[in-house]
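As a plain string of letters, each chain reads:
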Amino acid sequence: MYAVNILAMNKQHPDYYALSIANQIFGDDPFTSRIGARIRVKEGFSYSVGSGLQLPETEDQGLYYTYAISAPENVVSVISAYQEEVENVVKNGFTQEELNSAIEGYIKNRSRQWADDEAIAAILIDSQKYDRDLAYYDEQIEIIKALTLEQVKSAFVKHIASKKINLFTAGDFK
């Protein structure tokens, strides 16, 4: 199962950071995210499951995607569980523990990335290309640290939950 929705946003959009954290909580990790814990771990419907964002720096067209690899007989259950988890976020939002963990994960991931010479070269190239000084990256961390549960839920509802999923399946469905 693969679902894709076009997002009319880029990395400069006011909801970008909140949506990134919402996605991290909802589907970034195949075991501990909302859909990973539900679809793969608890229900055992899928071999792999996750979601992600692909957003450009400046153009206003990106993607949200979610996927699950499962046996054909589990596809309907996977889709149903995914939709139930979306509805659960709409109804109940995320927890403070989930938000804190996602923020901590984002910051640790940034630190790991910045330990790589290739990543630093890419950051320097992007900084020159987009006319940014390195303070921009410190500001990103401060924005992430300041996110609230309401901002994260609101971004998820606005950009993911409110959209009808464009669903694709492939396999032997005899």
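It should be emphasised that the depicted structure is a prediction, and the values quoted were computed from it without experimental measurement.

Parameters at a glance
Residues numbered from 1 in each chain as written. Predicted model: local features only at pLDDT ≥ 70, side-chain atom pairs only at ≥ 80, totals over all residues. Heavy atoms only, no water. Pairing = 2+ DSSP bridges. Helix = DSSP H or I, 4+ residues; strand = E, 2+ residues; numbered from the N terminus. Axes fitted to C-alpha atoms, helices over the stretch in contact; angles between N-to-C directions. Contact = heavy atoms within 4.5 Å. Phe/Tyr/Trp six-rings, centres within 6.5 Å; stacked < 30°, edge-to-face > 60°. Buried < 20%, exposed > 50% of the residue type's maximum accessible area, 1.4 Å probe, protein only. Lys NZ or Arg CZ within 6 Å of the ring centre and 35° of its normal.

Attention now moves to the sheet that holds strand 4 (residues 166–168). Read across the open sheet, the four strands follow the order 2-3-1-4; overall the sheet is antiparallel. Edge positions in the sheet fall to strand 2 (48–54) and strand 4, since each of these pairs with one other strand and no more. Neighbour-to-neighbour, the strand axes of this sheet turn through a mean angle of 15°, independent of strand direction. Sheet analysis places strand 2 next to strand 3 (residues 62–69), joined by seven bridges and oriented antiparallel. Looking at strand 3, one finds that Ser48 is bridged to Ile69. Across the sheet, helix 1 (residues 16–28) touches strand 1 (2–7), strand 2 and strand 3, and the angle it forms with strand 2 is around 170°.

Under the defined criterion, the tally for this structure stands at seven aromatic pairs. Arranged with centres 4.9 Å apart and planes meeting at 65°, the rings of Tyr16 and Tyr17 form a pair that is edge-to-face. The exposure class of Tyr17 is buried, given its relative accessible area of 8%. The aromatic ring of Tyr136 is capped on one face by Arg132, whose charged end is 4.1 Å from the ring centroid.

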